[in-house]
Structure formats: structure tokens, C-alpha cells
Amino acid sequence: MPNTDTTTNDTSDHLALNSEHTQKYNQAIRREKTKALVLVLPLLFFLIVFFITPIGYMLYRSFYNPTVANLAPKTAEILTQWQDISKLPNEETYKTLAYEIQQLQKSRLSGKFAEEVNRRLPRTGSVIKRTARKIKEIELDNVKNYQELLTSLHEKWGKPEIWTGIRSASDKFTINYYANALDYKLEPSGEIVKQSEDMQVYLPILQRTFTIALIITLLTFLLGYPVAYYLSLIPLKKASILLIFVLLPFWTSLLVRTTAWIAILQSNGVINQSLLSLHIIDKPLDIIYNQFSTILAMTHILLPFMILPLYSVMKGIDSSYVRAAQSLGANPFKAFIQVYFPLSLPGLSAGALLVFIISIGYYITPALIGGVDGQLISNLVAHHMRSTNNWELAAALGSVLLVLIIALYWIYDRLVGASNIKL
Amino acid sequence: MLPVYYSPIRKLWHYGLRIIVGLVLLFLIFPILVTIPLSFNVEPFFTFTEGMLKLDPVAYSTKWYVEFFTDHKWNLALKNSFYFAFMSTILATVLGTVAAVGLASDRMPFKSLITAILISPMIVPLVIIAAGMYFFYSAINIAGSDMAIIFAHAILGIPFVVITVTATLAGFDQSLLRASSSLGANPISTFFNVTFPLIRPGVISGALFAFVTSFDEVVLIIFLADPDQRTIPRQMFSGLREQINPTILAAASLLILISIILLFTIEILRRRSESKGMFQK
């Protein structure tokens with residue numbers, strides 16, 4: 001029995017030594033981990049506060065709109081108790097709204113209120129505006145029946161519809177903007193219905209964005225593949241000289257390149273001028289401010305994003321594989337398709353994904369030379385941000401685009417690895 | 001010379017490939033080649049005049065460059081462009097370099113997730129970044145400040161710094177750090193005396209990329225900047241929409257010149273570090 005004891009002791013001693021080592025080892029690893037993290041943290045913190053939070057805030061804004069609820073808080077509150085929307089709300093609701101509209105008119109906010117409600121239920125803005133103008137002069141404390149008063153100011157107050165509009169506009173949280181961004185509409189009753197074909201705006205543009213991005217990806221592949229292939233064949237010294245043709249446009253501002261395309265494509269631009277003086281055409285071609293010019297200029301701008309990853313993969317392909325295939329009897333064409341092309345696929349997928357991701361979010365070039373039919377989804381986001389001031393809709397459209405981009409970026413990260421972007 | 005035994009198809013392929021490549025390279029460089037001579041046009045158009053085609057000296061002029069350097073708006077834009085690019089480059093380079101050093105450690109937890117986050121400003125569409133920042137910066141009351149624009153531009157430059165510095169660190173021998181600390185150096189002096197000299201080419205390239213990214217950027221400026229914060233690209237953008245005038249082409253040519261300088265500096269740095277074996281293939 002004592003024997004066993006000693007053995008146990010021995011083992012535990014041994015274990016103790018081991019665990020002490022392990023502990024030290026673990027400590028060292030933990031220290032290194034902490035050191036690495038500490039170095040990354042400042043940047044991560046900076047990005048989280050000034051990059052990720054703003055984007056998160058935009059997502060939040062896409063379904064949070066407190067404007068109406070803040071403008072007329074009591075009405076918003078009382079309308080939540082209104083149950084049967086086929087009947088009119090009670091007298092108390094009329095009274096509350098009458099007072100609040102008068103208040104809003106006095107502080108010159110009734111226009112904002114009307115506009116917001118109108119956004120939810122078209123053709124109600126004018127009702128509210130007219131009511132507000134008339135109610136300004138009325139001494140509300142002396143009114144006996146507020147329902148009669150409002151109905152006498154505008155007959156629409158005698159129907160439940162406008163109330164449903166105000167109620168749904170005073171919801172602080174709404175999926176209305178997402179519904180709009182995908183060409184659905186949220187009926188004031190809470191139902192979601194698809195917009196009729198001729199009222200659809202956003203889905204066709206989303207579809208167009210995808211189509212144009214696909215065309216551009218395909219074009220950059222067709223133009224870029226031979227260039228990358230040729231560059232990978234020739235000696236490095238010659239290749240690095242020819243690469244200047246790819247890198248210089250790559251590092252030239254895209255605004256500069258878009259400007260250049262305006263000079264080339266406009267009605268008295270370089271192309272029309274030469275074709276006219278050669279008597280090939282007798283009046284200038286319409287080749288700018290449309291889809292054609294957008295695709296052409298974007299293909300030009302994004303072509304280096306295709307060539308560079310393709311080139312860096314092709315440079316590493318061992319040419320003896322193709323020779324081996326040929327010596328085994330494959331003709332050059334077959335050897336290329338069956339051996340070389342599959343080996344170049346990593347570069348192709350990297351380039352194609354990058355081009356596609358960048359083109360579906362493109363803004364500047366379509367804004368300058370896209371005309372009407374070359375506008376993409378980003379241009380709509382900008383339009384609602386800057387022209388119509390419908391921030392929530394802009395945010396919802398932006399979020400739809402963002403989800404698409406993140407999905408594609410995730411695929412890219414899986415396939416290529418985010419850190420493998422070559423510069 | 002092609003070998004005589006080449007079949008006609010092989011010859012066609014040989015010349016065909018070269019012709020296609022030549023045309024594509026021409027397509028790539030053509031817009032840049034057109035811009036520069038047009039900026040010397042004496043007439044206020046974006047087109048080649050007959051005199052220009054005949055190479056008549058009278059048809060050329062440097063007046064748009066004079067206008068660029070004397071006009072108050074363009075001067076302000078030039079000053080703003082340099083200011084924002086310079087400040088955001090410093091911020092992006094410092095934060096990006098330090099983070100890349102941490103990221104290169106084998107022990108870095110959540111490495112791929114963090115890398116994906118650090119690179120993401122390159123991928124997210126500018127309009128989305130602009131919209132988000134517009135909402136958020138207004139909400140925290142820094143909209144319209146220089147700081148807002150410097151931060152925004154630094155964020156766009158960060159991925160470039162992280163990528164180039166990480167690339168130089170790929171060939172970095174981590175045991176040098178242990179050697180340094182075993183000789184008694186603290187982590188900070190190790191960084192400045194050992195790590196930094198070795199990754200310097202990557203840091204400089206990254207900084208140049210960050211600089212040009214800010215210098216060329218226009219979307220965030222459109223959304224975030226006040227009129228007195230206009231930069232050269234912003235001035236060009238409104239010029240193109242409102243009143244087209246060759247001063248825009250003069251500005252464009254100067255931006256091209258900056259790109260050329262940048263490109264050659266980066267290539268020289270790359271060559272130098274490649275010959276030292278720092279960039280790993």
C-alpha cells in the first residue's frame with residue numbers, strides 16, 4: 001500500500017511541475033495575445049466609433065422616425081387607444097388634435113407635420129395645412145364640439161382614413177421605409193402590399209444596378225484577361241513598364257477619369273469631332289449622359305481592379321503544366337481551357353468580386369455622366385439625402401445596398417481573404 | 001522573330017494577342033492622354049480646336065493654370081485639399097501601422113474578423129459611409145468641423161496602410177523582437193529601433209496611398225463639407241455640373257501629375273524592399 005502512496009506522490013509532483021510549466025506557458029501566450037490586442041485596439045476603437053457606429057446609426061434611422069410623435073405627442077398617445085378603425089375616433093381625440101395643430105401652426109411647424117403625414121398617406125398634407133391655417137384664428141376654449149369644428153374646416157376629418165394616416169405616421173418605429181425601398185407600401189391599416197407595376201421605382205433601379213454591375217464585370221474580364229495573361233508571359237522588366245499603363249489610371253482620381261470621358265464623349269468631344277471630320281457621321285452621336293457612357297467609363301475605371309489580381313495569380317502559374325498538357329496530346333486551345341484557365345480562377349474570382357462589389361455601390365460616374373437611365377442605387381440614396389430630404393428612405397435604401405455588399409464581402413473574404421487584397 | 005515552324009493559327013494567336021493587349025492598354029491610358037493637351041486649350045471648351053490639331057502655338061495657352069493658381073475658390077480648394085490629406089494621412093498611418101504590427105502577431109485573437117473590419121472601409125460604398133456619417137456627425141454635433149472630415153478621410157486611408165504594412169511584415173522575422181528584448185530593449189525602443197526601420201517602405205507606401213485617397217476623394221466631401229471646406233475634387237465636381245471650363249482640366253492634369261509622382265515613388269520603394277526580400281510573394 002505505501003508503495004502506491006509514493007507513486008501517487010511522485011505523479012502529483014510530476015504533475016505539479018507540469019502544471020507550473022503549463023501555467024507559465026499559458027501566461028506567456030496570454031501576454032503576447034494582450035500585447036497584440038493592445039496594438040490593434042486604438043484603431044479598432046477609432047473605426048467602431050467613427051465608422052461602424054455611423055453606419056449602425058443609419059440602419060437605426062431607417063426604421064426609427066420620431067418626428068410626428070414629437071410634433072404632436074398627445075395626439076400620438078391618444079390615437080394608440082383608438083381600436084375600431086372603421087369608426088371615427090372619439091371627441092377627446094378631435095380636441096387633442098385641434099389644440100396641437102393650433103400650437104404647431106403658431107410655432108410654424110404645421111407644415112413639417114403635414115409633410116410627414118403626407119409621406120405616409122398621400123393627399124392628406126393639404127388637408128392638414130388648410131385646417132392649420134383656418135384653426136389659427138379660432139378660440140379653441142370656447143368650442144363645444146371639436147369633431148364638428150374640424151369637419152367644418154375640411155370634410156375629410158369626417159372620415160376615419162386621415163386618422164389612420166396620422167396614427168401610422170406617429171409610430172416611432174416603422175418598417176414603412178423598407179417597404180418603400182423595395183416598392184411595397186404599408187397601408188395605414190398595417191397591411192403590406194406591392195406597388196402597382198407603374199408605380200415601382202426602386203426595384204427596377206436595383207435590378208438595373210445589378211445588370212450594369214454584371215455587364216461591367218464581364219467587360220473587365222474580357223478586356224483584362226488577355227492583358228494580365230500577356231503581362232505574365234513577358235519578362236518582368238518589360239512587364240513592369242507595361243504595368244504603368246494599368247497603374248497610372250488606377251492611381252488617377254476617378255473624378256479626373258470621369259472628366260476625361262466627358263471631354264471624349266460629349267457632343268463636340270474627341271470622338272464626335274473625329275468621326276465628323278472623317279465624314280463617317282453627319283451629326284454628333286448621343287454617346288454621353290446615358291447608360292452606355294456610364295458602362296464605358298466605369299469599365300475603364302474598374303479595369304485595373306481586374307487586371308492586377310489576375311496578373312498576380314498568373315505570374316505564379318508554372319508554364320510547364322501547359323507544356324505537359326500539350327506534350328500529352330492536348331492542342332494549345334484545349335490545354336489553355338482545361339489547364340491554364342482553372343489555374344487562373346483564384347485571380348479571376350478575386351478580380352470579378354472586387355469589380356462587382358465596387359460597381360454596385362458606385363456613385364460619382366453615374367451622377368456625372370449617367371443621364372437618366374444610367375442612375376444606380378447609390379444615386380437614389382444621394383437623391384433622397386440631398387434633394388427630397390427623405391432621410392429615412394435614403395437610410396433604408398442604403399441599408400438594402402449595405403446588406404448586399406456585406407454578403408458579397410463575406411463571400412470574398414471566404415474565397416480570397418480580405419487581407420489578400422494586393423496593392 | 002517567330003519560329004518558322006509556327007502554324008498560321010499559332011501566328012494569328014501570337015499577333016492577335018498583342019494587338020488586343022495593345023488596344024486595351026491604349027483604352028486605359030487614352031483618357032489621361034487626352035486630358036493634358038486639352039488643358040492647354042486657349043478657347044474655353046473641352047474640345048480640340050483646329051489650331052491645336054495643326055500644333056499652332058497660338059492655339060495653346062497656360063491661362064487655365066494661371067486661373068487655377070490665382071482664382072480665390074481654387075486657391076482655397078488647393079489649401080483645403082492639402083490640409084485634409086496631410087492630417088488624415090498622419091492619423092491613418094499612425095493608427096494603421098500600429099494595428100498592422102499587432103495583426104502580424106501569430107497570437108492575435110480573432111485575426112480574420114479584425115482584418116475584415118479593418119479592410120471594410122474599402123468595400124462599403126462611399127454613399128453609405130457618407131450617409132451614415134452625415135446622420136451621426138450631426139447627432140453628435142461635429143458636422144461641418146475639420147475634425148469630421150479628417151476622421152472620415154483617415155478611415156478611407158486606413159485599409160491601404162494596414163494592407164501595405166501587413167505585406168512588409170509578412171517577411172518579418174518575429175525572433176528579432178525577442179532578440180531585441182533579450183538584449184534589454186523595452187517594447188517601445190524595440191519598435192523604433194528594430195521593427196520600424198524594417199517596415200519603413202510599407203509605411204511610406206501606405207501613407208502615400210492614404211494621402212492620395214484623401215486628395216482625390218469627393219463623395220464624403222459632397223455630403224459632409226461646408227462651402228469653405230471645399231477641396232479640389234469638390235470644386236471640379238460642381239464645375240462639371242454647373243459650368244464646364246478648362247480650369248477643371250488644368251486641375252485634372254495637376255492631379256494626374258501628383259498620381260504620376262506617387263506611382264513612381266511607390267514603385268521605387270517596392271523595388272527597394274523587394275531587393276531586400278521584404279515583400280513576400
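Note that the coordinates shown come from a computational prediction; the quantities given were computed from them, not determined experimentally.

### Let's talk about the overall build of chain A
When helices and strands are counted, chain A shows 19 helices and 2 strands. Taking 22 Å as the expected radius of gyration for a compact globule of 423 residues, we find that chain A reaches 33 Å, considerably beyond that expectation. A principal-axis box enclosing the C-alpha atoms of chain A has dimensions of 110 × 100 × 40 Å. When each of the 423 residues of chain A is scored for burial, the buried share is 41%. Restricting to contacts in chain A with at least 6 residues of sequence separation, those with at least 24 account for 68%.

### Some thoughts on helix α6 (residues 125-135) of chain A
Residue and element names in this part refer to chain A. Burial in α6 covers these residues: V127, I128, T131, A132 and I135. All buried residues of α6 lie within an arc of 125° about the axis, which places them on one face of the element. Exposed residues on α6 whose side chains face more than 90 degrees from its buried face are S126 and R133. Considering only its buried residues, α6 is in contact with α4 (91-106), α5 (110-120), α7 (146-153) and α8 (160-169).

### Remarks on the environment of W391 of chain A
Relative to the helices and strands, W391 of chain A is located in helix α19 (residues 391-415). If near-sequence neighbours (up to four positions away) are discounted, W391 of chain A is found in contact with R61 and M385 of chain A together with F135 of chain B.

### A short note on the confidence of the model for chain B
Residue and element names in this part refer to chain B. Averaged over every residue, the pLDDT of chain B is 88; residues scoring 70 or more account for 96%. Within chain B, the element-level pLDDT minimum falls on helix α2 (residues 50-53), averaging 79, and the maximum on helix α4 (residues 72-103), averaging 95. Low confidence marks residues 277-281, where pLDDT is under 50. Its contacts with residues over four positions away, or in another chain, come to 13 contacts. For this predicted complex, the interface confidence reaches an ipTM of 0.88, while the overall pTM sits at 0.85.

### What about the packing of helix α11 (residues 236-251) of chain A against helix α1 (residues 8-38) of chain B?
With their axes 9 Å apart at the nearest point, α11 of chain A and α1 of chain B run at an angle of 50° to one another. When the axes of α11 of chain A and α1 of chain B are compared, the pair comes out oblique. As for the relative orientation of α11 of chain A and α1 of chain B, their crossing is left-handed in sense. Contact with α11 of chain A, carried on its side by L242, F245, V246, L248 and P249 of chain A, involves L25, L28, I29 and I32 of chain B of α1 of chain B and no other residues of that element. Residue classes in the contact of α11 of chain A with α1 of chain B are distributed as 9 nonpolar, no polar and no charged.

### Topic: the domain arrangement of chain B
Residue and element names in this part refer to chain B. Taken domain by domain, chain B holds domain 1 (8-59) and domain 2 (73-275). For domain 1 versus domain 2, the separation of C-alpha centres amounts to 32 Å. Each side of the interface is counted separately: domain 1 has 8 residues, and domain 2 has 8 residues. Taken together, the residues of the side of domain 1 that touches domain 2 sort by class into 5 nonpolar, 3 polar and no charged.

### What to know about the interface of chain A and chain B
Reports often express the size of an interface as the amount of accessible area lost when the parts come together. Contacts between the two partners involve 71 residues from chain A, matched on the other side by 73 residues from chain B. The greatest single-element share of the side of chain A that touches chain B, amounting to 20 residues, is contributed by helix α1 (residues 2-61) of chain A. Here the side of chain A that touches chain B is composed, by residue class, of 53 nonpolar, 13 polar and 5 charged.

### Some words on unusual backbone geometry
The backbone phi angle of H279 of chain A is positive, close to 60°, even though this residue is not glycine. For H279 of chain A, the location among the structural elements is in the loop between α13 (270-277) and α14 (291-314). We classify H279 of chain A as exposed; it has 7 C-beta atoms within 10 Å. Located in the positive-phi region is L55 of chain B, a residue other than glycine, with phi close to 60°. As for its position among the elements, L55 of chain B is in the loop between α2 and α3 (63-70). Overall, the presence of 8 C-beta atoms within 10 Å leaves L55 of chain B in the exposed class.

### Section: the nonpolar core
Generally speaking, a soluble globular protein has its nonpolar side chains buried in company with each other. With 172 residues, the main nonpolar core has A130, A131, V219, L220 and L224 of chain B as its most contacted residues. Per-element accounting of this core gives the leading share, 16 residues, to helix α7 (residues 146-169) of chain B. Leave out the neighbours within four places in its chain, and V219 of chain B touches Y363 and I364 of chain A together with L126, V127 and A130 of chain B. L71, Y94, I101 and A132 of chain A belong to the second-largest nonpolar core, a separate cluster that totals 25 residues.

### Let's talk about the environment of S105 of chain B
By the secondary structure assignment, S105 of chain B is in the loop between α4 and α5 (111-119). Overall, S105 of chain B belongs to the partly exposed group, with 19 C-beta atoms counted inside 10 Å. As for S105 of chain B and I261 of chain B, which are separated by 156 residues in sequence, their C-alpha atoms are 33 Å apart. Not counting residues within four places of it along the chain, the set of residues in contact with S105 of chain B comprises E32 and A36 of chain A.

### Side note on the domain arrangement of chain A
Domain boundaries assigned for chain A yield domain 1 (1-61), domain 2 (68-174) and domain 3 (202-420). Between the C-alpha centres of domain 1 of chain A and domain 3 of chain A the distance comes to 44 Å.

### A short note on the confidence of the model for chain A
Atom-level detail of predicted coordinates should not be read off regions where pLDDT is low. Residues and elements named next belong to chain A. On average, chain A scores 87 in pLDDT, and the residues at 70 or more come to 94%. Of all the helices and strands in chain A, α1 carries the lowest mean pLDDT, 79, while helix α10 (residues 202-233) carries the highest, 95. Across residues 1-10, where pLDDT falls below 50, the model places 0 contacts with residues more than four positions away in sequence or in other chains.

So, how was this worked out
Residues numbered from 1 in each chain as written. Chains lettered and ligands numbered in written order. Predicted model: local features only at pLDDT ≥ 70, side-chain atom pairs only at ≥ 80, totals over all residues. Helix = DSSP H or I, 4+ residues; strand = E, 2+ residues; numbered from the N terminus. Rg over C-alpha atoms; globule rule 2.2 N^0.38 Å. Buried ≥ 20, exposed ≤ 12 C-beta atoms within 10 Å, placed from the backbone. Contact = placed C-beta atoms within 7 Å. Arc of directions from axis to C-beta. pLDDT = per-residue confidence, 0-100. Axes fitted to C-alpha atoms, helices over the stretch in contact; angles between N-to-C directions. Parallel < 35°, antiparallel > 145°, perpendicular 65-115°, else oblique. Left-handed = near helix turned anticlockwise from the far one by under 90°. Nonpolar A, V, L, I, M, F, W, Y, C, P; charged D, E, K, R; others polar. Domains from an automatic or database assignment. Core = buried A, V, L, I, M, F, W, Y, C linked by C-beta atoms within 7 Å.

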